[in-house]
Structures are given as C-alpha cells and as structure tokens.
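If you want the building blocks of each chain, they are given just below.
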2 protein chains.
Amino acid sequence: MIPIPEKTIERMSRYRRVLNNLLEEGRKHIYSHELASLSSGTPAQVRRDLMIIGHSGSPRNGYEIKLLRNDINELMDDPEGQKIALTGIGYLGRAIMNYFMGRRPKLTIAAAFDIDPEKINRVISGCRCYHTDQLEEIIRKENITIGIITTPAAGAQKIVDTYVKTGIKAIVNWAPTILHVPEGVFLETRDITMSIEKAAFFAKTNK
Amino acid sequence: MIPIPEKTIERMSRYRRVLNNLLEEGRKHIYSHELASLSSGTPAQVRRDLMIIGHSGSPRNGYEIKLLRNDINELMDDPEGQKIALTGIGYLGRAIMNYFMGRRPKLTIAAAFDIDPEKINRVISGCRCYHTDQLEEIIRKENITIGIITTPAAGAQKIVDTYVKTGIKAIVNWAPTILHVPEGVFLETRDITMSIEKAAFFAKTNK
DNA sequence: ATCACATTGTGAATTTATTCACAACTATAT
DNA sequence: ATATAGTTGTGAATAAATTCACAATGTGAT
C-alpha cells in the first residue's frame, strides 16, 4: 500500500476539526466544495484526500459527516492512546499544555520537564512536571512515544538525543534551531521566527 | 522576474540563522554541502536556492558567509523597518513577544492587544499593550503592516477582518481555526494541534 | 605555467502535489 | 418508469519542488 502523503495527513487534522464543529451544530452531510471552503482548500483536493484514505460518499448527498469523522479518527488515532512528553515549561510550553489538556482523549501530554526547581513536582494544566534529569526514566515508565521541545535553542539537541535514546519516534520542535535525528525518527520543526519573517517578506513584497 | 518560491523564502530564514551563528564563530566561507547539513537540506537544494536569489560563490572556496548573509538580509529585510501587531496576550502571545523582542532590528512587534484589563496599558516584554478596541487606531498610527493572531479560536476571524481593513497585507495565525482573507492578503496558519497530531500519526505508523 | 581536483551553476530528469475534466452515479421530481 | 441535475471518484494533465549529473570554474600544489 502506498503511504499516505504528509500533506494529506495535515489536511485530515483540519477536516476533522471542521467536521467536529459541524456535528455539534447537528449537520448530517457535507459536499466536497463545502468542506473545501471551510478548510481553505479546493473541492478536488478534498475528494482526492478522501479517496486516499478510502472514504467514499454519495453523489447526491455528499459525505456523511459522522462516518467521515470516524474514518479520520480511525486513521489518525491509536485506539490504545498515545502519550506525549513536553520539555521546556516556558510560555510556549504552557500554551501548548493548556490548549491540549483534556481536548484529545487519545492523545495526552503525560509529563512535562524543565530544569527550573519552581516548576518541578507541581501539576501545571493538569500535567505532572519533572526535572529534565528524569526524562529517560519517566518516558520509559509512562510508555511515551511522542516528544515536544519548547526549550531555548541551546539545550534542544540534547533533549532530542534523549528522546531518541528512549525510543521516541516522532518529535515536534519549537526551539529556534535546526536539530538532527537519525533515519526513521520523524522530526518537524515549527520555527516561529521563520513564519513571521516569511510573512514580513510578503508584506514587503505586496506593499 | 519570476517570484521567489515560498519554500525558498523559508529556507532563507533558516540559512540566515545558521550563517549568523557561523559568523559569530569567526567562520569565513562555507560549502553548499556544509550549509545543507547545518540546515537539514541537500547541497543541490542550497545551490538552487542561492541561484534563485542571485547569489554566487566560488568553485574552490564555496560561499563567502558575510556576503551571503548580507544578500539574504537584503532580500528579506525592509530597509525602513517593518512593524508587527500581535493580538492575544496569552501564553503563546507572550512567548512570541519574548522571543522576538530586540532580536531583529528591522522587524519589531510594535503593539500588542488583548481584552483583559489586567494587561492593557502595561508594557510587556518591552511592548506596549492596548485594548483590542484600539486595533485600527494604533495600527494606522504606527504604520503596522504585519499581524499576528494568538487569540482563542472564537474571536480570531474578527481580528483578521480588522487587520485586513487597516491594510495589513500579511498575517500569521496561531488560533486553532481556519480563517478567511481576501485575495492578495498573505495568511499563514500555524496550527499547533495539527503538527502534534501529525507527529502522533507518524509515531503510530513507525511503531 | 600547468595540472589536478573539489566545488559551483544549471539544464534536464524526476518526483511530488495539485487541478482538470468527465463518465458514473443516485436521490428526487415528474 | 424516466428524465434531471448536481454530485462523486479518478485517470490524465499540469504545475511545483526537488534531485541528478556534468560542464565550467577557480584555487593551490608542483
């Protein structure tokens, strides 16, 4: 089977959010052009994506929202649940903890880490906080498989290395630096400065 | 002239950071393969990117770091400077303000906005904070051309509409929702949940 | 001077992503 | 029953991004 493109996965996450909102409003069906406009895409793209994940609709009624949402859940969620470690309990780390807490039953931030004694052994946004020295121990004990990095740039590579050592296979990095992982580990860096600089470039160009 | 691809602009931001670090270390020259490995790319990609922005090196010494950095500055920076408005002074907004403050002389967060009276009329991370009601007034007065959104999802579209109304041409959105802007306005949504869900999908798939 | 060699610059090829365009379909109206 | 209209599903076309591959180059060694 052909692997599902990363871009399609990204859009699935967006579709799911839209669909959940529609379900709350009591909507039952949706056409590709509606889902497209609600998720800033094109109808053809939506149909192609749903084809890729093997979901089909009906020519007259479009897609049944609940079924589609369930198919996306099945694609994206691990039925056993997945746990996340977050290292760096600064403003950014807290923003993510806050936002995530209790929102996804199948995907929870199970532990947060920092080196500041003020934060250690507290519970912040419902999440237990540990000293970074305990990373390995806790990740193994809790069976954590996803790592988030919200530390300053300086210490980030060391955290990644520890993540990798414990067997974590997917990392999202918000530290403003380029990190290196071995083959087979998924790493995505979400560079805040970069996105603002890019916007600035377009603001300048469209002036 | 062909427009510079968005992806190339993103990489320029990364290259610049790497180059600035190297300059501080006193390095003078760099080869495409070195810059590639320092920025998680390929040598061919680096050469292609530099070709696109019209920078050239020498076969034996590679690229002169200072010249290359200056060419990137010239490409990315507006010599007159550019000002940014940020709306939503929560953890995420503060993380961005904190990180950005004083780091880019040509790109500054000139004003922050919120509806919480606790935050209004204070100076946070060196940045003056106003009530969201004053968005239009301040943006025009300060000649702000870039907008950041770090509010909850609910109010975000209204903020975007105000940004657009004041003539802002580039917006970066961190609110977990899809936003709509008219043709000609650059909008990039950086969806935190989406990036974590994507990582979770890969963690599950690589298990 | 000349040579040797690792690198640049880039046209061409390839891969990946998106969009087009239309046959096939299905719920509804007649 | 049959026609209709607006949709889906998808092969084919197109566009965008990346990588290949190699001639041209320029520097230091001899």
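Residues numbered from 1 in each chain as written. Chains lettered and ligands numbered in written order. Predicted model: local features only at pLDDT ≥ 70, side-chain atom pairs only at ≥ 80, totals over all residues.

A. Molecular detail of the sheet that holds strand β7 (residues 146-149) of chain B. Here we have 7 strands laid out as an open sheet, ordered β5-β6-β4-β3-β7-β8-β9 (chain B), and mixed in their pairing. Each of the sheet's edge strands pairs with one partner strand only, and the pair in question is β5 (123-124) and β9 (186-189) of chain B. Along the sheet, helix α8 (residues 192-205) of chain A makes contact with β3 (82-87), β4 (107-114), β7, β8 (170-173) and β9 of chain B, crossing β8(B) at roughly 160°. Here helix α6 (residues 135-142) of chain B sits on the sheet and contacts β3, β4 and β6 (127-131) of chain B; the angle it forms with β4(B), its principal contact strand, is near 165°. (Pairing = 2+ DSSP bridges. Helix = DSSP H or I, 4+ residues; strand = E, 2+ residues; numbered from the N terminus. Contact = placed C-beta atoms within 7 Å. Axes fitted to C-alpha atoms, helices over the stretch in contact; angles between N-to-C directions.)

B. The environment of B:M76, seen in detail. Relative to the assigned elements, B:M76 resides in helix α4 (residues 65-76). Sequence separation between B:M76 and B:M12 is 64 residues; the distance between their C-alpha atoms is 8.3 Å. For B:M76, the contacting residues outside a window of four places in its chain are A:E197, A:F201 and B:M12.

C. Structural view of the sheet that holds strand β9 (residues 186-189) of chain A. Residues and elements named next belong to chain A. The strand order β5-β6-β4-β3-β7-β8-β9 describes an open sheet built from 7 strands, whose pairing is mixed. Single-partner strands in this sheet number two, and they are β5 (123-124) and β9. Alignment of strand β3 (residues 82-87) against strand β4 (residues 107-114), held across 6 bridges, turns out to be parallel. Each bridged residue has a counterpart across the sheet, and for T87 the counterpart in β4 is F113.

D. Examining the interface of chain A and chain B more closely. Counting from both sides, the interface comprises 45 residues of chain A and, opposite them, 45 residues of chain B. For the side of chain A that touches chain B, the secondary-structure elements that each account for two or more residues are α1 (6-25), β3, α5 (91-100), β8 (170-173), β9 and α8 of chain A. When residues of the side of chain A that touches chain B are assigned to their parent elements, the largest contribution, 13 residues, is made by α8(A). Taken together, the residues of the side of chain A that touches chain B sort by class into 24 nonpolar, 11 polar and 10 charged. (Nonpolar A, V, L, I, M, F, W, Y, C, P; charged D, E, K, R; others polar.)

E. Region of the structure containing the protein's contact with DNA strand C. The full set close to DNA strand C counts 24 residues, and A:P59, A:R60, B:S56, B:P59 and B:G62 are the nearest of them. Those elements that place two or more of their residues in the surface near DNA strand C are α1 and α3 (43-53) of chain A together with α3 (43-53) of chain B. Per-element tally for the surface near DNA strand C: the top contributor is α3(B), with 6 residues. Partitioning the surface near DNA strand C into residue classes produces 10 nonpolar, 8 polar and 6 charged. (Near = placed C-beta within 6 Å.)

F. Looking closely at the environment of A:L23. Residues and elements named next belong to chain A. As for its placement among the helices and strands, L23 is situated in helix α1. When the 13 C-beta atoms within 10 Å are taken as the criterion, L23 is described as partly exposed. Once the C-alpha coordinates of L23 and R69 are considered, the two residues, 46 residues apart in sequence, prove to be 9.1 Å apart. (Buried ≥ 20, exposed ≤ 12 C-beta atoms within 10 Å, placed from the backbone.)

G. Here's a closer look at the protein's contact with DNA strand D. In the vicinity of DNA strand D lie 26 residues, with A:S56, A:P59, A:G62, B:P59 and B:R60 positioned nearest. By residue number, the principal contributor to the surface near DNA strand D is α3(A), which donates 6 residues. Here the residues of the surface near DNA strand D sort into 10 nonpolar, 9 polar and 7 charged.

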